[in-house]
Amino acid sequence: MLVFSSVFMFDHRTFLSLSSTGMYLQDGRVNAFYSTPSIYTDEKYAANETWPLKQGDFFPYADCPHCYWTGYFTSRPALKGYVRLLSNYFMMARQLEFFVGRNPNGPNTDALWEALAVSQHHDAVSGTEKQHTANDYALRLSIAYQEAEKLVNSAFGCLVENVPKGICHSPKMQFFQCQLLNLSFCPLSESVDEMGGTLVVLVYNSLTWNRTEYIRIPVNSIHLQVMDSRGILVPSQLLPINSRLKELRRKYVKGYLGTSGGSTARYWLVFLATVPALGLNTYTISVSNEGSASASIIESMPKGSSATIRNNYLKMTLSESGLLSSIVKTGPEGNLSVESSYLYYEGNPGNDTKGADGAYLFRPIRNSASRLSISENISLITGPLVHEVWQEFSPWIHQVYRLYEGKDHVEVEYFIGPIPIDDGIGKDVIVRFSTSIDSNGVFFTDSNGRDFLKRVRDHRADWDLEVNEPVAGNYYPVNLGMYLNDDKTEFSVLVDRSVGGSSLANGQLELMLHRRLIHDDGRGVGEPLNETVCIESVCEGLIVQGKLYMQFNPSNKGSSWRRSMGQQVYSPLQLAFSSVSDGESWADNSFHSFSAMSTDYNLPENVALITLQELNTGQTLLRLAHLYEANEDDELSTKAYVDLKKMFPKRQVKSIVETSLSANQEISKMRGRLKWRVERPDETIQVVERGGPVDHQNLIVELTPMEIRTFLLKFTEVIAL
């Protein structure tokens, strides 16, 4: 951008002078002024030219024939996962802030809002910053999270005690969260057998549908029972905590807290929780002499033998090699041959001056990946609620397959790292699913978690592609998931953070989960992507823990699972804990559950609540989104209707104003959409149908496929919590 002061030399003869409308040459020939996107668009539209119509995106980008910017789709996967985790936490915390009342002086969500906003910088969550800068982003997020955590804990106490909005500041019921629950570290739950009282587990659901999901809590005693909020015994199961997770707990708890955190927990206590839409439920865990939690059966898989685990929907078979070989679904769907394996691409050092494998670029030295053989350490764990397979592919890659009873998908948990680089070779680690689907070079990846875009291997719709990098040139960003199909079957994989993915052969999907490199790619970072973690005086490569979810369906029937499960993956149930000395007094509390919406009402399953935020102006910001594309699903790609009276039954809507997506303009005051001329008339721009105006009496919001609508609401006084 050129910055002008009031007088400038122009062409060594004529002077520019500044006025309120722009910069003028003294003879009036030139008017130079600061432009805006709207001014630029108006000028282009006024030119009345014809334009090419582009309906895809611009991925993958390359700045030379061998330099594809597809590595950053995965770079710094731990930071990507942290941003995703806290993005959902922020959304959930703002909901609670709306329920109990916002305190501008804190604790509130402002700091987390700012930290997450900064992390959206194009060299932040992308993973293309220097290591010390990445550390600073993570530190800012961690500090901001701690303030939001205080708000959340306090809000949970207020909701449980049913204190009216705006007057609850120090609830008697103190709740705590376990930040390292993924590492099986939660002091309150681990000591339930020692404290002699009752552990209260609060489960909050930030989605606008009722949910029934399994939760896992680390414990040490086998003599435990779980009761729901009505005092009814809940079936539960004890699973051993695997050795790899125990090792990570010892290491990272010491790194986070500066202490060892005591002896490791012995078991996961698993039970099924039912939680109302936009609400919470509570469960109690206490010591029982008889004990009600079922034990798990543990079996080591002999080398060269096959094995099977199953629930009431799926059966998974592992071949003699120890690799997954098939998934069988009950009912007409049949079975799918699928093999899962871990591999890595060796990073190109860039000695040919065409670019190294780095934070931005993905450039393998060859087009084939090296497979990691599975070790003999395979264990099967079965029980009434959950079944698991523990596998070790190498000392630095471990995996767990997980089947929950009543769930029709497979959960895959992985632990990758430290990636070895002692051989002087950087590595991009992938998981590859090879199926029997005849996909004909076609696969689909999501676009920002919203619509799914068709990808064709070695092909671009807008020009003739010269294939120079057959691996990196076929990688695309994956934020929600990806899938492939043929005329019979559809196979889907969902992710818990942004990664890169591709399909390099028919029937295959692969996802890059971690990378550790030893060369800079010359695109601005100025150092190799070599993430290390130092605890005391010991430094080693970063270990990444994450989850994938996979399912297969009849062709073109998988969208409902991808959309609903994708929402659950992005917005997991939030747990908080409290201990009470008298379990009976807790059971007598009539406010052990809460729902913001009418008890008989859920939002339609094709609609998601994106934003529910109390503003300092006294207004409430509400965003609702239709989850489906047009023609994506026979039943759910239709208009949806949200009843605001049932969504907010304890409040009365005084006024409602629809705004732009960013809530800075009223829709009624915005000008209409411009109609552009396209080069080929047969490629007409699709007319986008939008929901109709909101009736201020009925308060029904209409949404069409892929539509997001934003409103500013004002409520009268709160009727009751």
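The protein has the name Glycoside hydrolase family 38 central domain-containing protein in an unreviewed UniProt entry, where Ceratopteris richardii is given as its organism. The protein has a UniProt comment under Sequence similarities (unreviewed entry) that states "Belongs to the glycosyl hydrolase 38 family." Recorded in UniProt under Cofactor (unreviewed entry), the annotation for the protein is "Zn(2+)".

**Student:** Is there a simple way to explain the packing of aromatic side chains in this structure?
**Tutor:** A ring pair, where both rings are aromatic, is described by two values, the distance of the centres and the angle of the planes. Enumeration according to the criterion identifies 24 aromatic pairs in this entry. Arranged with centres 5.3 Å apart and planes meeting at 65°, the rings of Phe-99 and Phe-594 form a pair that is edge-to-face. Placement of Phe-99 in helix H2 (residues 77-100) and of Phe-594 in strand S38 (residues 594-595) is noted, with a sequence separation of 495 residues between them. Both residues of the pair, Phe-99 and Phe-594, belong to the buried class. Here the aromatic rings of Phe-156 and Tyr-204 are separated by 5.9 Å at their centres, their planes lie at 45°, and the arrangement is tilted.

**Student:** What is the right way to look at the confidence of the model for the protein in this model?
**Tutor:** Should pLDDT be low for a region, the predicted coordinates there are not to be read in detail. Averaged over the protein, the pLDDT score is 89; the fraction of residues at 70 or greater is 93%. Contacts from residues 1-16, a stretch scored under 50 in pLDDT, to residues over four places away or in other chains number 27 contacts.

**Student:** Before we go on, may I ask you to explain the sheet that holds strand S12 (residues 236-240) in this structure?
**Tutor:** Adjacent strands of a sheet form backbone hydrogen bonds with each other and so pair up, either parallel or antiparallel. If you walk across this open sheet you meet the four strands as S9-S13-S12-S15, and the pairing is mixed. Every other strand in the sheet has two partners, leaving strand S9 (211-219) and strand S15 (294-295) as the edge strands with one partner each. With nine bridges connecting them, S9 and strand S13 (residues 267-275) associate as antiparallel partners. Of the residues in S13, the one forming a bridge with Ile-217 is Leu-269.

**Student:** Is there a simple way to think about a nonpolar patch on the surface in this case?
**Tutor:** Together, Ile-610, Leu-661 and Ile-708 make up a nonpolar patch on the protein surface, roughly 230 Å² of accessible area in all. Relative to the helices and strands, Ile-708 is located in strand S45 (residues 708-715).

**Student:** How do you make sense of the UniProt feature "domain: Glycoside hydrolase family 38 central" (unreviewed entry) in the protein when you look at a structure like this?
**Tutor:** Per the UniProt entry, the sites bearing "domain: Glycoside hydrolase family 38 central" (unreviewed entry) are residues 67-141 in this numbering. The distance from the first to the last C-alpha atom of residues 67-141 is 32 Å, and the span holds 60% helix and 3% strand.

**Student:** Whenever I open this one, helix H4 (residues 131-161) confuses me. Can you help?
**Tutor:** Within an α-helix, residues lying three or four positions from one another point in the same direction, as the helix has 3.6 residues per turn. Taking 1.5 Å per residue as the helical rise, H4 with its 31 residues ought to reach 45 Å, and the 45 Å between its terminal C-alpha atoms agrees with that figure. Residue Asn-162 follows H4 closely and has a positive phi angle near 60°.

**Student:** Explanation requested: the pattern of salt bridges in the structure shown.
**Tutor:** If the charged atoms of two oppositely charged side chains come close together, the side chains can form a pair. On inspection of all chains with the given rule, the structure shows 35 salt bridges. With a closest N to O distance of 3.2 Å, Glu-388 and Arg-216 form a salt bridge. Note that Glu-388 is positioned in strand S23 (residues 386-394) and Arg-216 in strand S9, a separation of 172 residues in sequence. In this pair, the class of Glu-388 matches that of Arg-216, namely buried. Note that Glu-540 is salt-bridged to Lys-251, the shortest N-O span being 2.3 Å.

**Student:** Help me out: how do you make sense of the nonpolar core in this one?
**Tutor:** Core analysis: the largest hydrophobic core is formed by 66 residues, its most contacted members being Phe-99, Leu-624, Val-642, Leu-644 and Met-647. Counting residues in hydrophobic clusters, the runner-up holds 49 residues, among them Leu-318, Ile-397, Met-482 and Leu-513.

**Student:** In this structure, what is going on with H2? I would like to understand it.
**Tutor:** Helix length check: H2 (24 residues) gives 35 Å between terminal C-alpha atoms against 34 Å at 1.5 Å per residue, within 8%. With 21 of 24 residues buried, H2 lies mostly within the body of the structure. At the exit of H2 stands Gly-101, carrying a positive phi of roughly 105°.

**Student:** I'm lost on the pairing of strand S27 (residues 442-446) in this one. Help?
**Tutor:** Each regular strand shows side chains that alternate between the opposite faces of the sheet. Among the five residues that make up S27, five are buried, leaving the element largely enclosed by the rest of the structure. Because side chains alternate across S27, one face comprises the buried residues Val-442, Phe-444 and Asp-446, and the other comprises Phe-443 and Thr-445, equally buried. As judged from the five bridges shared by S27 and strand S28 (residues 452-456), these two strands associate in the antiparallel manner. Within S28, the residue paired with Thr-445 across the bridge is Leu-453. Where S27 folds back onto S28 in an antiparallel hairpin, the turn is made up of five residues, including Asn-448, whose phi is positive at roughly 55°. Two strands pair when backbone bridges link them, and S27 and strand S30 (residues 481-485) are joined in this way by two bridges, in the antiparallel orientation. Residue Thr-445 lies in a different strand from S30, and its bridge partner there is Met-482.

**Student:** I keep staring at the sheet that holds strand S42 (residues 653-659) and nothing clicks. Help me out?
**Tutor:** Spatial ordering of the open sheet is given by S39-S40-S45-S42, a layout of four strands whose pairing is antiparallel. Single-partner strands in this sheet number two, and they are strand S39 (607-614) and S42. For this sheet, the mean inter-axis angle between neighbouring strands, taken without regard to orientation, is 25°. Bridge count for S42 against S45 is six bridges, and the pairing is antiparallel. Each bridged residue has a counterpart across the sheet, and for Ile-656 the counterpart in S45 is Leu-713. Packed on one face of the sheet, H2 meets S39, strand S40 (620-626) and S45 and runs near 55° to S39.

Cut-off values and rules
- Residues numbered from 1 in each chain as written.
- Predicted model: local features only at pLDDT ≥ 70, side-chain atom pairs only at ≥ 80, totals over all residues.
- Heavy atoms only, no water.
- UniProt positions renumbered as here; feature names shortened; annotations may be inferred.
- Phe/Tyr/Trp six-rings, centres within 6.5 Å; stacked < 30°, edge-to-face > 60°.
- Helix = DSSP H or I, 4+ residues; strand = E, 2+ residues; numbered from the N terminus.
- Buried < 20%, exposed > 50% of the residue type's maximum accessible area, 1.4 Å probe, protein only.
- pLDDT = per-residue confidence, 0-100.
- Contact = heavy atoms within 4.5 Å.
- Pairing = 2+ DSSP bridges.
- Patch = residues over 30% accessible without salt bridge, like charges linked within 9 Å, V, L, I, M, F, W, Y side chains within 5 Å.
- Areas by Shrake-Rupley, 256 points an atom, 1.4 Å probe, with all protein chains shown as cover.
- Salt bridge = Lys/Arg side-chain N within 4 Å of Asp/Glu carboxyl O.
- Expected span 1.5 Å × (residues − 1).
- Core = buried A, V, L, I, M, F, W, Y, C linked by side-chain atoms within 4.5 Å.
- Axes fitted to C-alpha atoms, helices over the stretch in contact; angles between N-to-C directions.

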